[in-house]
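Commentary on secondary and tertiary structure
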Amino acid sequence: MAWTRKFSFWVSVAAFVLAALAAVPSARAAEEPQVPEGVGVVLGGGGARGFAHLGVLKELERLRIPISCIAGTSAGALIGGIYANGLPLDEMEKEFNGADWDQMLSGRPARANIPYDRKRNDYKNYLDASFGLKDGELRLPRGAINSQGIEMYIHNITRDRNIDSFDKLPIPFRAVAADLLTGDAVVFDKGSLSRALRASMAVPGVFDLVEDNGRLLVDGAIARNVPVQDVKGRCAKHVIVVDVGSPLMKADEIQSWFDVVAQSSNLAVMRNVRQQMKLLDKNDIVIRPDLTGYTAASFGDHRAIVKRGEEAARKMDAQLSALSVSEEQYAAWKSRLQRPRYPVLDEVKVEGKDGTFTKVATLQESLSFNGPAVPVGMARQRLDEIFAGGEYDKLSYRVDNVTGRNVMTVMPVERSIGQNSLHFGLNLNSDTPGDSAFTFRAAHEWAALNDAGASWRNDVAIGYQRMFNSELYQPLWRGSPVFAAASLGAYQKQFRLFDANHTALSTINDDVVGGQLSLGLALGKYGEWRVGLYHENNRISVAQGYPFDIDDGGRFRDVGLSTRLVVDQFDNPRWPRAGYYFSGKLRKGMPGLGSDTDQQAYDLVGEVAKTYGDFTARFTLKASGDRKKNVPQELGGFLNLTGYQTGELVADQTALARLMVYWRAASLPPVLGSGVYAGVSLEGGRLWGQNNLDFQPNRERSWIPAGSLFLGADTILGPFFVGIGSARGGQLTGYIYLGVDY
């Protein structure tokens, strides 16, 4: 049976070879470190206090504690989701440090990027709120803060990850939101990562809610602020919980209605937190950073809050170290955290129907790009530019992989308040000489009157300042930089005459009725230039005080040409921290057209602001005058030669140089404003030409130094100042201002 022996021999050889081959992977596996199971991490909500999560995660990395899964709510979802997506902590921290949180959470595009036509009224003190007239009803936005900025930021920092299961992320992840209709928790475990994080962070009444599969989703804090059940027993034996929620206030801390509302909200959140904490056992660890002094709105303090998170984790080193693994095992776990990449788009399309004043085809045309491959950042930048135009409440999008192609689908949401918008505002001022004034303002704009983008604008002011103006603004075609404008209006200018003792002797009113026809050139986000013909009828009268004799009954006609160039790149018109501004206005009275005056007037303003840390320097130069000495010029008032009353100094030509240095002492919640400031101003003013008033001293050829100290705030009602100052020849004066135009 020789063949039998041969067969047996070859069977033995084959068995030996197979056994050897089978042993190779086992040997290699024995050589390679095993990926450890890791711990489950739960990151709770808390607004800006959630930056502490980053500090805790940094300490877990230092201690070599692998993470098997993460669940988060609100701020915990944001940081947990970004980390689970593979973004290294140092890059995450760099992204946070580079973000302009004030601007992003203001609900507005960066002001320097807004077309000038939309920011032309920023120096009039209107509230930071828009009301709409639509279908015969007064409309309000669904959120106090527009979410476009934060949504685009989340898209960027998540690298537009869209995946069929969050278990396939480098670290399995869950985000928790809440259904506004039922109050139930909604757990995201697949799909668009940015959408999940955005829904989890939709603070009710602050950010707009998220619509998803017929559900209205808001911040998950109201349902499950510390989502222990989404980790415990699901993916790890040990759980680390980081709780950054605001503690309940004590009786003596509840002093206002705002405190009552905050406490009521915290009670509801605290109840679901206690329920989740009952799921923990003695093997689990709870970390509560000491965040005393920091609120959910303290985004400007994110660096300090991160440090508090690190400190809290270090205090628990003894417990946490028990969960550490070897360097080799940790490296094996860390190798799974692949850095996410930005997608390159093969197609950009718009999904939806035409709106009342917007068209899908027009938006699609605006999103056309040259070439087959489009970086997602370029497309997002184009969306930012379109959003700055003001026609949309939101331009959300998603990126899907369709048969190997990356397709961006844009989902526009037209302005919910419509294109008939209303704005309201007020100005208040008082000073220690006893002067006080109040002005109420209102504005209406009806935009998108035709396909070219015409608008009808109306402004009214009553009180100390009185005016009405109505303007029709018409671009030559849609997107045209050239426009025509026609306006009619009436306003009152007041001049007060003072003696050498700073006593007001008389108040003179100049009541003006007129109109203007202009051609202009829109300079995009930078500004505009106008030139046109104006016609004004003036009536001068003495309102109170010394009865001056006025020639011709105080009536005269002013007809001529005017031009104005405006360049506005301030980041904030009220408390600029960066940028520049220029306004140059010239008027020429033309007797040949029937004018009773041949004025050659100019009004020039140039400003620049730059910030160094928390300190901002703002330098201003102003000059105004009439070469024909027909139109009197004024100086005086807070920050315009502080120590003199408003309009106390009169001459043919004036100049002012001012340096303001202010320190941002604290931030305000975005719904209330941006910040609290303390500062100082150094001012110098000069007058040229006789003032023709025998009772007022002539200060020609003499620079007048002045200065002030002030506290202020950038509030939703406008810039607020409390200050004190003086000037050579003036008097020590205290001021309170709301909405001062300085």
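Nothing here was measured: the structure is a model prediction, and the numbers come from that model.

Reading the values: the criteria
Counting restarts for each chain, with residues numbered from 1 along the sequence as it is written. For this predicted model, a pLDDT threshold of at least 70 governs which residues receive local features, and a threshold of 80 or more governs which side-chain atom pairs are given and counted, while totals over whole chains, interfaces and linings are taken from all residues. Hydrogens and water molecules were not included; the side-chain quantities draw on all heavy atoms of the structure. Strand pairing follows a simple DSSP-based rule, namely that at least 2 bridges must link the two strands. Put simply, DSSP H or I for four residues or longer makes a helix, DSSP E for two residues or longer makes a strand, and each gets a number counted from the N terminus. To get an axis, a line is fitted to the C-alpha atoms, and for a helix only the part in contact is used. The angle between two axes follows their N-to-C directions and goes from 0 to 180 degrees. UniProt positions are given in the numbering used here, feature names are shortened, and annotations may be inferred rather than shown by experiment. Planes of paired rings set the category: under 30 degrees apart is stacked, over 60 is edge-to-face and the rest tilted, where pairs are Phe, Tyr or Trp rings (Trp by its six-membered ring) whose centres lie within 6.5 Å. To sit over a ring, a charge needs its Lys NZ or Arg CZ within 6 Å of the ring centre and within 35 degrees of the ring normal. Here, nonpolar core refers to any group of buried Ala, Val, Leu, Ile, Met, Phe, Trp, Tyr and Cys residues whose side-chain atoms link them within 4.5 Å. Burial classification: accessible surface area is computed with a 1.4 Å probe over protein chains only, and a residue below 20% of its type maximum counts as buried, one above 50% as exposed, and the rest as partly exposed. We call two residues in contact when some of their heavy atoms are within 4.5 Å. Each domain's limits were defined by an automated method or a database of domain assignments. A carboxyl oxygen of Asp or Glu within 4 Å of a side-chain nitrogen of Lys or Arg is what we treat as a salt bridge. Only a pair of cysteine sulfur atoms within 2.5 Å qualifies as a disulfide here. Throughout this description, any angle smaller than 35 degrees is read as roughly parallel, any larger than 145 degrees as roughly antiparallel, any in the 65 to 115 degree range as roughly perpendicular, and the remainder as oblique. Rotating anticlockwise by less than a right angle from the far helix to the near helix defines a left-handed crossing, while the corresponding clockwise rotation defines a right-handed one. Amino acids are sorted into nonpolar (Ala, Val, Leu, Ile, Met, Phe, Trp, Tyr, Cys and Pro), charged (Asp, Glu, Lys and Arg) and polar (every other residue, Gly among them).

1. Section: the sheet that holds strand β17 (residues 405-414)
Spatially, three strands are ordered β14-β17-β16 in an open sheet, and the strand pairing comes out mixed. Two strands in the sheet have a free side with no partner beyond their single neighbour: β14 (347-350) and β16 (392-402). Direction aside, neighbouring strands of the sheet carry axes that sit 20° apart on average. Of the strand pairs in this sheet, β16 and β17 are connected by 10 bridges, and their pairing is antiparallel.

2. Examining the UniProt feature "short sequence motif: GXGXXG" (unreviewed entry) in the chain
UniProt's entry tags residues 45-50 with the feature "short sequence motif: GXGXXG" (unreviewed entry), counted in the numbering of this structure. Note that residues 45-50 is 0% helix and 0% strand, and that its end C-alpha atoms are spaced 6 Å apart.

3. Considerations on the packing of aromatic side chains
Tallied over the entire structure, the rule returns 25 aromatic pairs. Among the aromatic residues, ring-to-ring pairing joins W575, F638, Y662, Y677, F710, F721, Y735 and Y737 into one connected group. The ring centre of Y473 lies 4.2 Å from the NZ or CZ of R457, which sits over that ring. Above the ring of Y534, the side-chain terminus of R587 is found at 3.9 Å from the ring centroid.

4. What to know about the nonpolar core
By size, the foremost hydrophobic cluster in this structure holds 69 residues, and its most contacted members are Y83, F96, W101, F173 and L320. Among the elements that take part in this core, helix α3 (residues 75-84) stands out by supplying six residues, more than any other. Residues contacting Y83, with those up to four places away along its chain left out, are L57, E61, I67, I70, L89, M92, I171, W333 and L337. One finds M152, L367, F369 and F387 within the second-largest nonpolar core, a separate group that totals 20 residues.

5. Some points on the pairing of strand β24 (residues 527-545)
As judged from the 17 bridges shared by strand β23 (residues 504-522) and β24, these two strands associate in the antiparallel manner. Paired with V512 across the two strands is N538, which belongs to β24. Counted between consecutive antiparallel strands, the loop separating β23 from β24 contains four residues, among which G524 sits at a positive phi close to 65°. Alignment of β24 against strand β25 (residues 555-568), held across 13 bridges, turns out to be antiparallel. Pairing of W529 across the sheet is with L565, part of β25.

6. Quick look at the domain arrangement of the chain
When cut into domains, the chain gives domain 1 (39-107 + 164-336), domain 2 (344-414) and domain 3 (420-738). Between the C-alpha centres of domain 1 and domain 2 the distance comes to 31 Å.

7. A few points about the pattern of salt bridges
Should their charged atoms come close, side chains of opposite charge can pair. Under the definition given, this model contains 39 salt bridges. The partner of K124 in a salt bridge is D459, and the shortest N-O contact between them spans 4.0 Å. Taken together, the residues span a long stretch of sequence, with K124 in the loop between α6 (116-119) and β3 (131-134) and D459 in strand β20 (residues 455-463) at a distance of 335 residues. According to the relative accessible area criterion, K124 is partly exposed, its value standing at 29%. Between E445 and R457 there is a salt bridge; the shortest N-O distance is 3.8 Å. With E445 in strand β19 (residues 436-446) and R457 in strand β20, the pair connects residues that are 12 residues apart, well separated along the chain. Through salt bridges with shared partners, a single ionic network connects K58, E59, R62, E93, E310, R314 and D317.

8. Points about the state of the cysteines
Throughout the structure, instances matching the rule amount to one disulfide. At a sulfur-sulfur separation of 1.6 Å, the disulfide partner of C69 is C235. Between C69 and C235, the S-S dihedral sits near 45°, and the bridge is therefore right-handed. With a gap of 166 residues between them, C69 in strand β2 (residues 67-73) and C235 in the loop between α9 (221-224) and β11 (239-242) connect regions that are remote in the sequence.

9. Comments concerning the packing of α3 against helix α8 (residues 193-200)
Packing of α3 against α8 brings their axes to within 8 Å, and their N-to-C directions diverge by 160°. Between α3 and α8, the angle is such that the two are roughly antiparallel. Of the two possible hands of crossing, α3 and α8 adopt the one that is left-handed. Along the contact surface, α3 presents A77, L78 and G81, while α8 presents L193, L197 and S200. By residue class, the composition of the contact of α3 with α8 is four nonpolar, two polar and no charged.

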